[in-house]
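Reading the structure
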Amino acid sequence: MKGNQMTDESKGIDPYETVLADLYAKREQILQAIAAIEAIRGPTVGGINSGAAANPNKLGSGSLDHPGALLGMSIVDAAKALLASKRTPLKNPEFAALFKAGGLHMNSKEPANTIGSVLTRRMAEVGDVVRVGRGTWGLKEWYPNRSFKVKDDEKKEERQQESGDGPTRTSKPVDP
């Protein structure tokens, strides 16, 4: 140090903090530009938007906190992206509010019910989104030692009732 001049380090200012703040500001600008381009581009081949599904880095980066972040996403893709971003289970009404804030507007009279139905179907068919409580959803990867499968007997009974095959609950076996 010459004379009375003090450097940033001697004043207690962390130079990395300044650089990080600048990078975070630029990241938000870049993410907004990406969201705008994805919104203009629309769905890609196969009906899947290139947003969170094609860019796993986008999911956990906090990039879902701005309007338009969920534009063009399906309910399942948006739910998975939000769960990954928030890293905590979410309830149906929370999803509905976050969807609206993120630009995914739903036309249904009861969006929370629609979200619950879609996620229930996803849990049964794919299993990557799971119900961890009544109307509360999480990602299967968060619960590695927990089974979320419906019992096989219940599934068989439901299939028989839907197809009209097999006995119904009111029928009794006939003795010969």
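Heads up: the structure comes first, above all this text.
1. Structural notes on a nonpolar patch on the surface
A cluster of nonpolar side chains, contributed by Tyr-16, Val-19, Leu-20, Leu-23 and Tyr-24, occupies part of the molecular surface with about 560 Å² of accessible area. Owing to a relative accessible area of 47%, Val-19 belongs among the partly exposed residues under this scheme.

2. A look at the packing of aromatic side chains
Tallied over the entire structure, the rule returns two aromatic pairs. Considering the side-chain rings of Phe-95 and Phe-99, the 5.8 Å spacing of their centres and the 45° angle between planes classify their relative orientation as tilted. Taken as a pair, Phe-95 and Phe-99 lie in helix α5 (residues 92–101) at a separation of four residues, close to a single helical turn. A relative accessible area of 0% means that Phe-99 is categorised as buried. The positively charged end of Arg-146 is found above the aromatic ring belonging to Tyr-143, 5.6 Å away from the centroid.

3. Observations concerning the pattern of salt bridges
Applying the stated criterion across every chain yields a total of two salt bridges. In this structure, Asp-128 and Lys-80 form a salt bridge, with 2.9 Å as the shortest nitrogen-oxygen distance. Pair noted here: Asp-128 is in the loop between α6 (111–125) and β2 (129–133) and Lys-80 is in helix α4 (residues 75–86), with a separation of 48 residues, a long-range link. Accessibility expressed as a relative area gives 26% for Lys-80, which makes it partly exposed. The salt bridge involving Arg-122 is made with Asp-128; its shortest N-O contact spans 2.7 Å. In this structure Arg-122 comes out as partly exposed when scored by relative accessible area, which is 21%. It is possible to trace a salt-bridge network through shared partners that takes in Lys-80, Arg-122 and Asp-128.

4. A short note on the sheet that holds strand β3 (residues 136–139)
Strands in a sheet are paired, the pairing made by backbone hydrogen bonds, and the direction either parallel or antiparallel. Read from one edge to the other, the open sheet built from three strands follows the order β1-β3-β2, with strand pairing classed as antiparallel. Since the sheet does not close on itself, it has two edges, and those belong to β1 (90–91) and β2, each with one partner. Against the sheet, α4 makes contact with β1, β2 and β3, and its axis sits at roughly 75° relative to β3, the strand it touches most. Here α6 sits on the sheet in contact with β2 and β3, set at roughly 115° to β2.

5. Digging into α6
The first and last C-alpha atoms of α6 sit 21 Å apart over 15 residues, in line with the 21 Å expected at 1.5 Å per residue. Within the sequence span of α6, burial applies to Ala-112, Ile-115, Gly-116, Val-118, Leu-119 and Met-123. Looking at the buried residues of α6, the elements they touch are α4, α5, β2 and β3. Just beyond α6, the residue with positive phi is Gly-127, at close to 90°.

Rules used throughout
- Residues numbered from 1 in each chain as written.
- Predicted model: local features only at pLDDT ≥ 70, side-chain atom pairs only at ≥ 80, totals over all residues.
- Heavy atoms only, no water.
- Patch = residues over 30% accessible without salt bridge, like charges linked within 9 Å, V, L, I, M, F, W, Y side chains within 5 Å.
- Areas by Shrake-Rupley, 256 points an atom, 1.4 Å probe, with all protein chains shown as cover.
- Salt bridge = Lys/Arg side-chain N within 4 Å of Asp/Glu carboxyl O.
- Buried < 20%, exposed > 50% of the residue type's maximum accessible area, 1.4 Å probe, protein only.
- Phe/Tyr/Trp six-rings, centres within 6.5 Å; stacked < 30°, edge-to-face > 60°.
- Helix = DSSP H or I, 4+ residues; strand = E, 2+ residues; numbered from the N terminus.
- Lys NZ or Arg CZ within 6 Å of the ring centre and 35° of its normal.
- Pairing = 2+ DSSP bridges.
- Contact = heavy atoms within 4.5 Å.
- Axes fitted to C-alpha atoms, helices over the stretch in contact; angles between N-to-C directions.
- Expected span 1.5 Å × (residues − 1).

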